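Close look at the chain arrangement
Residue strings, one per chain:
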Amino acid sequence: MIREANKDDLNNLLHLYLHLHEKELPQYSQHLIETWDTILNDKNHHIVLNIVDGILVSSCVCVIIPNLTRGIRPYAFIENVVTHEKYRGKGYATECLNYAREIAKENNCYKMMLLTGSQKQNTLDFYSRAGYNNTDKTAFIQWLE
């Protein structure tokens, strides 16, 4: 089942992120709860979940970014695409990305984009099969401490 996250999904989502790049769960804190509430209350911030037999197996984030160009049409940014290791290769992340695409279309976005830090060919091929290309734009990252 594909759906957007709700207040009760935080713990399961944080555990799923251990299969992304997180090494440990963040400490339960006021900052964590406030951040979660901010995300849930932002109409432009969508956390897409794929739940199979009651287990959160895959997720992605789709943020709609208002924009003053391209006919004042927003664009969508995809982040934190992850699937639990035991469930990879079954199409669950593709289903999340397809759901995110529908969110972007409903919001009249003119494009969707994502970045990946992976150099693994199977990951790059996955994004290509999902409709993304790495030829139209060049990404630059500045990490802030």
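I will try to describe carefully the structure that is included in this document.

Conventions we followed
Residues numbered from 1 in each chain as written. Predicted model: local features only at pLDDT ≥ 70, side-chain atom pairs only at ≥ 80, totals over all residues. Heavy atoms only, no water. Helix = DSSP H or I, 4+ residues; strand = E, 2+ residues; numbered from the N terminus. Buried < 20%, exposed > 50% of the residue type's maximum accessible area, 1.4 Å probe, protein only. Contact = heavy atoms within 4.5 Å. Areas by Shrake-Rupley, 256 points an atom, 1.4 Å probe, with all protein chains shown as cover. Lys, Arg positive; Asp, Glu negative; His and termini not counted. Charge placed at Lys NZ, Arg CZ, Asp CG, Glu CD. Pairing = 2+ DSSP bridges. 1 Å grid on protein atoms, 1.4 Å probe; cavity = no way out; pocket = protein on both sides within 12 Å on 5 of 7 lines; lining within 4 Å. Points joined across faces, edges and corners; volume = space filled by probe spheres on them. Nonpolar A, V, L, I, M, F, W, Y, C, P; charged D, E, K, R; others polar. Expected span 1.5 Å × (residues − 1). Arc of directions from axis to C-beta. Axes fitted to C-alpha atoms, helices over the stretch in contact; angles between N-to-C directions.

Notes on the overall build of the chain
Regarding its fold elements, the chain presents four helices and five strands. Helices (α) and strands (β) of the chain occur, in sequence order from the N terminus, as β-α-α-β-β-β-α-β-α. Summarising its shape, the C-alpha atoms of the chain cover approximately 40 × 35 × 35 Å along the three principal directions. Looking at the chain residue by residue over its 145 residues, the buried ones come to 34%. Of all intrachain contacts in the chain linking residues separated by at least 6 positions in sequence, the fraction that spans at least 24 positions is 60%. Accessible surface, the chain: about 10,000 Å² in total, of which carbon and sulfur atoms supply 50%. Once the 15 positive and 17 negative side-chain charges of the chain are each reduced to a mean point, those two points are 8 Å apart.

Side note on the pairing of strand β4 (residues 75-83)
Among the nine residues of β4, seven are classified as buried, and the element is accordingly described as predominantly covered. With seven bridges joining them, strand β3 (residues 55-65) and β4 adopt antiparallel strand pairing. What sits directly across from I65, in β4, is Y75. By the bridge criterion, three bridges tie β4 to strand β5 (residues 112-114) in an arrangement that is parallel.

Description of the layout of surface pockets
Of the volumes computed, that of the second largest pocket is approximately 320 Å³. Along the wall of the second largest pocket there are 18 residues; nearest its centre are L14, Y17, L32, T35 and I39. Broken down by secondary-structure element, the contributors of at least two residues to the lining of the second largest pocket are α1 (10-16), α2 (30-40), β2 (45-52), β3 and β4. By residue number, the principal contributor to the lining of the second largest pocket is α2, which donates five residues. Taken together, the residues of the lining of the second largest pocket break down into 12 nonpolar, five polar and one charged.

Things to note about helix α3 (residues 92-106)
Between its terminal C-alpha atoms α3 stretches 21 Å, which fits the 21 Å expected from 15 residues at 1.5 Å a residue. Turning to α3, its buried residues number three or more, namely Y92, A93, C96, L97, A100, I103 and A104. Down the axis of α3, the smallest arc covering the buried residues is 140°, so these residues share one side. Residues of α3 that are exposed and point more than 90 degrees away from the buried face comprise K105 and E106. Buried residues along α3 sit in contact with β1 (2-4), β2, β3, β4, β5 and α4 (121-129). N108 lies just past α3 and shows a positive phi near 60°.

Things to note about the sheet that holds β5
Across the sheet, five strands lie side by side as β1-β2-β3-β4-β5; this open sheet has mixed pairing. The strands lining the two open edges of the sheet, one partner per strand, are β1 and β5. If you compare each strand with its neighbour and ignore which way they point, the axes differ by 30° on average.

A closer look at unusual backbone geometry
For D53, which is not glycine, the phi torsion reads 50° and is therefore positive. With a relative accessible area of 76%, D53 lands in the exposed category.

All we've got here are geometric facts, nothing functional implied.
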